[in-house]
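Structural overview
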Amino acid sequence: MRAVIRRHGALVVDHMAAPVPAAGQVLCKTLVCGICGSDLHALDHYDHMIDMTAQMGGFSHMKKGADTVFGHEFCCEVLESGPGTDGRFKPGTRVVSTPGLITPDGFEAVGYSSRIPGGFAETMLLSEMLMLEVPNGLSSEHAALTEPLAVGEHAVIKAGVEADHALMVVGCGPVGLAVIACLKARGLGPIVACDYSPERRAAAQAMGADQVIDPAQSSPHDSWAALGVPGSRAEGVVAAAQGKSVRRPLIFECVGAPGVVQALASAAPAGTRILVAGVCMETDRIEPLVLITKEIELRYVLGYTAEEFAASLRNLAEGVTGYAGVITSVVSLDETPQAFTQLQTDKSQIKILVAPGK
Ligand SMILES: [Zn+2]
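Residue indices follow the written sequence of each chain, beginning from 1 at its first position. The model is predicted, so local features are restricted to residues of pLDDT at least 70 and side-chain atom pairs to those at 80 or more, both for listing and for counting; the totals for chains, interfaces and linings are taken over all residues. Water and hydrogen atoms play no part in the side-chain values, which are based on all heavy atoms of the structure.

Here a donor is an N, O or S atom found within 2.8 Å of the metal, or within 3.2 Å if the metal is Na, K or Ca; sites may look incomplete because water is not among the atoms. Looking at the metal site, the zinc ion is ligated by C36 (SG) and H72 (NE2), spaced 2.2 to 2.3 Å from it. In this pair, C36 sits in the loop between β3 (25-34) and α1 (37-44) while H72 sits in the loop between α2 (46-55) and β4 (73-81), placing the two residues 36 residues apart along the sequence. C36 sits in the buried class, given a relative accessible area of 14%. Burial here depends on accessible area, computed with a 1.4 Å probe over protein chains only, as a share of the maximum for the residue type. Under 20% is buried, over 50% is exposed, and the range in between is partly exposed. Using a relative accessible area of 5% as the deciding quantity, one classes H72 as buried. We count a stretch as a helix when DSSP gives it H or I for four or more residues in a row; a strand needs E for two or more, and each element gets its number in order from the N terminus.

Each assigned domain of the protein is listed with its residue range as follows: domain 1 (2-133 + 322-354) and domain 2 (148-300). For each domain, the first and last residues come from an automatic or database assignment. The C-alpha-based centres of domain 1 and domain 2 are spaced at 31 Å. Whether two residues touch is decided by their heavy atoms; if any such pair falls within 4.5 Å, the residues are in contact. Taken together, the contact pairs 14 residues of domain 1 with 16 residues of domain 2. When two parts are put together, the accessible area they lose, computed with a 1.4 Å probe and summed over both, is reported as buried area. The junction of domain 1 with domain 2 conceals about 1300 Å² of combined surface from both sides, 70% of it contributed by carbon and sulfur atoms. The salt bridge definition used is simple: a Lys or Arg side-chain nitrogen within 4 Å of an Asp or Glu carboxyl oxygen. Counting across the interface, domain 1 meets domain 2 through zero salt bridges. For the purposes of these results, a polar contact is taken to be a pair of N or O atoms within 3.5 Å, where, inside protein, one atom must be able to donate a hydrogen and its partner to accept one; residues adjacent in sequence count only when each atom of the pair is a side-chain atom. Taken together, the links from domain 1 to domain 2 amount to six residue pairs in polar contact (both at pLDDT 80 or more). Residue classes follow a fixed rule: Ala, Val, Leu, Ile, Met, Phe, Trp, Tyr, Cys and Pro count as nonpolar, while Asp, Glu, Lys and Arg count as charged, and any other residue, Gly among them, counts as polar. Class assignment of the residues belonging to the side of domain 1 that touches domain 2 gives a composition of four nonpolar, seven polar and three charged.

Turning to the pattern of salt bridges, a few remarks are in order. Per the counting criterion, the structure on display carries 15 salt bridges. Linking K351 and E73 is a salt bridge whose minimum nitrogen-to-oxygen distance equals 2.8 Å. One end of the pair, K351, is in strand β17 (residues 351-354); the other, E73, is in strand β4, and 278 residues separate them in sequence. Across the pair, exposure class does not vary: K351 and E73 are buried alike. Across the pair K184 and D210 runs a salt bridge, and its minimum N-O distance is 3.1 Å. Of this pair, K184 sits in helix α5 (residues 174-185) while D210 sits in the loop between α6 (198-206) and β12 (211-213), and the two are 26 residues apart along the sequence. Overall, D210 belongs to the partly exposed group, its relative accessible area being 44%. If you follow the salt bridges from partner to partner, you end up with R7, D14 and D67 in one network.

All right, on to the nonpolar core then. The tendency in soluble globular proteins is for nonpolar side chains to be buried side by side. The definition of a nonpolar core used throughout is a set of buried Ala, Val, Leu, Ile, Met, Phe, Trp, Tyr and Cys residues joined through side-chain atoms within 4.5 Å. By size, the foremost hydrophobic cluster in this structure holds 47 residues, and its most contacted members are V161, L177, I180, L183, F252 and Y323. Among the elements of the structure, β3, α4 (146-159), β10 (165-170), α5, β11 (191-194), α6, β13 (248-253) and α10 (306-317) are those that each provide at least two residues to this core. By residue number, the principal contributor to this core is α5, which donates seven residues. The residue makeup of this core includes at least three contributed by each of domain 1 (2-133 + 322-354) and domain 2 (148-300). By size, the runner-up hydrophobic cluster in this structure holds 43 residues, among which are I5, L40, L333 and L343.

We call Phe, Tyr and Trp rings a pair once their centres come within 6.5 Å, taking the six-membered ring for Trp, and we label the pair stacked below 30 degrees between planes, edge-to-face above 60, and tilted otherwise. For the structure on display, the rule yields three aromatic pairs. Geometrically, the ring pair formed by F70 and Y112 is tilted, given 6.4 Å between the ring centres and 50° between the ring planes. With a gap of 42 residues between them, F70 in the loop between α2 and β4 and Y112 in the loop between β7 (106-109) and β8 (123-127) connect regions that are remote in the sequence. On the basis of relative accessible area, F70 is assigned to the buried category, the value being 1%. Ring centres of Y304 and F309 lie 5.7 Å apart, and the angle between their planes is 35°; on these two criteria the pair is classed as tilted. The ring of Y46 is capped by R6, whose NZ or CZ atom sits 4.0 Å from the centre of that ring. Two limits define a charge over a ring: the Lys NZ or Arg CZ must be within 6 Å of the ring centre, and within 35 degrees of the ring normal.

Once that is clear, we can look at the packing of α4 against α5. A fitted line through C-alpha atoms represents every axis, and for helices the fit uses only the stretch in contact; the resulting angles, taken between N-to-C directions, go from 0 to 180 degrees. Taken N-terminus to C-terminus, the directions of α4 and α5 make an angle of 60°; their axes are 8 Å apart at the nearest point. Considering their axes alone, α4 and α5 lie oblique with respect to each other. Helix-helix and strand crossings are classified by hand; for α4 and α5 the assignment is right-handed. Residue-level contacts link P148, L149, V151, G152, E153, A155 and V156 of α4 to V175, A178, V179, A181, C182 and L183 of α5. Here the contact of α4 with α5 is composed, by residue class, of 11 nonpolar, one polar and one charged. These descriptions rest on fixed angle ranges, namely under 35 degrees for roughly parallel, over 145 for roughly antiparallel, 65 to 115 for roughly perpendicular, and the rest for oblique. Should the near helix be turned anticlockwise from the far one by less than a right angle, the crossing is left-handed, and should it be turned clockwise, the crossing is right-handed.

With that settled, consider the sheet that holds β13. Two strands are said to pair when DSSP picks up at least two bridges between them. The six strands lie next to each other as β12-β11-β10-β13-β14-β15, forming an open sheet whose pairing is parallel. This sheet does not close on itself; its edge strands, each paired only once, are β12 and β15 (297-300). In this sheet, neighbouring strand axes are inclined to one another by 20° on average, regardless of whether the strands run parallel or antiparallel. Where β11 and β12 come together, three bridges link them in parallel fashion. In the sheet register, A193 faces β12, and the bridge partner there is V212. The strands touched by α5 within the sheet are β10, β11 and β13, with β10 carrying the most contacts at an inclination of about 155°.

See below:
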């Protein structure tokens, strides 16, 4: 079969052996698979990711120097159920799954393994017990957004958002937009969103952000007062004494680059909670005294639960979120290496889907 393979630090389109289902696994045809920011990171920071995962006892089976096929945001069509399955998914059924494969040796991260292909290939293996049928009528492209939307769902739940929070989303890539979509689906707000890219700001607005800011033009932190957040502790004490309602600042960091957390902590009001959903792959520096003095609260999150994943599929199928607007193009396997480069350099692109059959 054909696949986009990470080989010696670059992506190549080549042939490889099609996978064979083991016990409990189902062979599927990959219909579409989204390119994730983590795929861009994994291409460039491959060895570092392996070292860090090993240090943390993770279950990624990427091997240094070995071929790896990325892709974990997929929608597939069932081809053939393997041994030890109950055949509950008939051939032709469209499915999604959390990107984990149960193997005789344990759990394998789909899209971060040198032993099984991820979604940038013509076929892949899924575990029958983790598969969910795409509800009637939802397009394969939109179903492939289940995974990135679940990341937003998880971030919003972990942030512990309450009605008196003033919300800011920093970075309107696929993660930031998923957060906005999930906040809006819950009727939460107001939301201030900021991004340097006009296309990403427009997408944020389409997803329901109440105010969008170009950080090149003005600081998003100028918005706090208008959102009802006191500028200082003293101001907060006075406002409370006067019986005024005040809001608590909560920022979703959806950039994932060195220096962003510290810059936010420095500029945000005292008492801000920062939910870090961006995935920074490099060593970062924090000036603790700034965070201590301002009692900045940091929360780091990753991934989602099976329940959050299933809820995201339902929300997409029932039109609860406007997240489908995140898709900016659909490319073939041959066009995929170029799409990676484009996502790294051209921020007018947001979510590019790979359709191996295209
Ligand atoms: Zn992802």
